[in-house]
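For reference, the chains in residue letters:
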Amino acid sequence: MININNLRFAWQKEPIININAFSIEQGQHLFIEGPSGSGKSTLLNLLGGVITPQSGDVEILGQSLNQMSSNQKDSFRANHIGFIFQQFNLIPYLSVLENITLPCTFSSDRKQKALSRSGSLQKEAIRLLSALGIDDTQLIQRSVNELSVGQQQRVAAARAMLGSPDIIIADEPTSALDNGHRQAFIKILFEECEKENITLIFVSHDSTLKHHFSHHINLLELNQVNIKEAL
Ligand SMILES: Nc1ncnc2c1ncn2[C@@H]1O[C@H](COP(=O)(O)OP(=O)(O)OP(=O)(O)O)[C@@H](O)[C@H]1O
């Protein structure tokens, strides 16, 4: 369960996010749309505690992000949230396998879940990559820098799903995928979310994906800021 209360955020002077109240139930699949620049990524970063609001609060799984130190937020995120960032945020000097299993370095809960699913972290990484259409098992030892952009995006997706976090936050997660890989991605993402009752918060410009989701919001309608003229 995620509750947004009187959330206000500005990067500079102009307010970008102003949401009085909004709730997302555990296990809900929410599609967020809105034009470029309307604040979708900013909102996802607020929900994940990556940035801090000027006022208001986000409560996740009964805990207020405002009450946490930055170390506590890092550890909370590692345990409970799988993030697929728009720019992937892979660690360039680590291998594919090390990138995918990175959440397990910071979260013993996710490590245990991944181990009980496949017996080893490597097997679980291979299972997820294979479901995402990457069957070359040699690839996991390579540096992420050697991968195509579409392969990097799927590595980022596998990292977010590994160890079944309570929430997956996905910012344009299919932007670099062709149609076949996009369908495979949606299939595995929904299978994982349904199996583990994971809350899914998904931003995309691709409205053909919208029908997969039980809930939709348009940020321009939810967000009480006057940025419509600026877009
Ligand atoms: N790190 C930042 N520093 C300053 N301004 C920023 C930063 N990130 C975003 N902004 C500004 O905040 C506004 C909202 O940006 P945001 O990336 O949240 O929009 P978006 O809806 O996700 O856009 P897109 O669909 O193009 O990804 C934009 O005007 C953008 O220039």
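So, here is what we can say about the structure in this document.

### Remarks on the overall build of the chain
Scanning the chain from N- to C-terminus turns up nine helices and nine strands. Here the C-alpha coordinates of the chain stretch approximately 50 × 35 × 35 Å along the principal axes. The burial tally for the chain puts 53% of its 231 residues in the buried class. Nonlocal contacts in the chain, meaning residues at least 24 apart in sequence, comprise 72% of its contacts between residues at least 6 apart. As displayed, the chain offers around 10500 Å² of accessible surface, 47% of which is attributable to carbon and sulfur atoms. Across the chain, the mean location of the 19 positive side-chain charges is 2 Å away from that of the 23 negative side-chain charges.

### Observations concerning the pairing of strand 2 (residues 15–24)
Sheet faces and side chains relate simply in a regular strand, where the side chains alternate between the two faces. Where strand 1 (residues 2–10) and strand 2 come together, eight bridges link them in antiparallel fashion. Bridge pairing in strand 2 links Arg 8 to Asn 18. In textbook terms, the turn of a hairpin is the stretch between consecutive antiparallel strands, and for strand 1 and strand 2 this stretch comprises four residues.

### Let's talk about the packing of aromatic side chains
Within this structure, the stated rule accounts for six aromatic pairs. Each ring, one from Phe 9 and one from Trp 11, has its centre 4.9 Å from the other, and the planes form 90°; the classification is edge-to-face. Between Phe 31 and Phe 213 the ring centres are 5.3 Å apart and the planes differ by 55°, which places this aromatic pair in the tilted class. One end of the pair, Phe 31, is in strand 3 (residues 29–33); the other, Phe 213, is in the loop between strand 8 (199–203) and strand 9 (215–218), and 182 residues separate them in sequence. Accessibility assignment for this pair places Phe 31 and Phe 213 in one class, buried. Following the ring pairs from residue to residue traces out a cluster consisting of Phe 31, Phe 190, Phe 202 and Phe 213.

### Section: the packing of helix 5 (residues 108–118) against helix 6 (residues 121–131)
Interaxial distance between helix 5 and helix 6 falls to 8 Å at its minimum, and their mutual angle equals 75°. Overall, the two elements helix 5 and helix 6 adopt an arrangement that is roughly perpendicular. Residue-level inspection shows Lys 111, Ala 114, Leu 115, Arg 117 and Ser 118 of helix 5 in contact with helix 6, the latter providing Leu 121, Lys 123, Glu 124 and Arg 127. Of the residues that constitute the contact of helix 5 with helix 6, the class distribution is three nonpolar, one polar and five charged.

### Quick word on helix 2 (residues 70–80)
Every α-helix carries 3.6 residues per turn, so stepping three or four residues along brings you back to the same face. For helix 2, every residue scored as buried is listed here: Lys 73, Phe 76, Arg 77, Ala 78 and His 80. Here the buried face of helix 2 lies against strand 4 (55–60), strand 5 (63–64), strand 6 (81–84), helix 4 (102–106), helix 5 and strand 7 (167–171).

### Section: the pairing of strand 7
Across the five residues that make up strand 7, a large majority, five, are buried. Examined bridge by bridge, strand 6 and strand 7 share four bridges and lie parallel to one another. From the neighbouring strand, Ile 84 faces strand 7, where its bridge partner is Ala 170. Alignment of strand 7 against strand 8, held across five bridges, turns out to be parallel. Bridge assignment links Ile 168 to a residue of strand 8, and that residue is Leu 200. Note that the unit made of strand 7, helix 8 (residues 179–196) and strand 8 has a crossover that is right-handed.

### Notes on the site of the ligand
As a structural note, the neighbourhood of the ligand is formed by Trp 11, Ile 16, Pro 35, Ser 36, Gly 37, Ser 38, Gly 39, Lys 40, Ser 41, Thr 42, Gln 86 and His 205. Taking Lys 40, its side chain carries an N or O atom lying 2.7 Å from an oxygen atom of the ligand. Residue His 205 places a side-chain N or O atom 3.2 Å away from an oxygen atom belonging to the ligand. Out of a free accessible area of 630 Å², the ligand has 61% covered by protein chains. Tallying contributions element by element places helix 1 (residues 40–47) first for the shell around the ligand, with three residues.

Rules of the game
- Residues numbered from 1 in each chain as written.
- Predicted model: local features only at pLDDT ≥ 70, side-chain atom pairs only at ≥ 80, totals over all residues.
- Heavy atoms only, no water.
- Helix = DSSP H or I, 4+ residues; strand = E, 2+ residues; numbered from the N terminus.
- Buried < 20%, exposed > 50% of the residue type's maximum accessible area, 1.4 Å probe, protein only.
- Contact = heavy atoms within 4.5 Å.
- Areas by Shrake-Rupley, 256 points an atom, 1.4 Å probe, with all protein chains shown as cover.
- Lys, Arg positive; Asp, Glu negative; His and termini not counted.
- Charge placed at Lys NZ, Arg CZ, Asp CG, Glu CD.
- Pairing = 2+ DSSP bridges.
- Phe/Tyr/Trp six-rings, centres within 6.5 Å; stacked < 30°, edge-to-face > 60°.
- Axes fitted to C-alpha atoms, helices over the stretch in contact; angles between N-to-C directions.
- Parallel < 35°, antiparallel > 145°, perpendicular 65-115°, else oblique.
- Nonpolar A, V, L, I, M, F, W, Y, C, P; charged D, E, K, R; others polar.
- Right-handed = clockwise from strand over helix to strand, strands pointing away.
- Near = heavy atom within 4 Å.
- Polar contact = N/O pair within 3.5 Å; in protein donor to acceptor, adjacent residues only side chain to side chain.

Taken by themselves, the reported measurements are silent on function.
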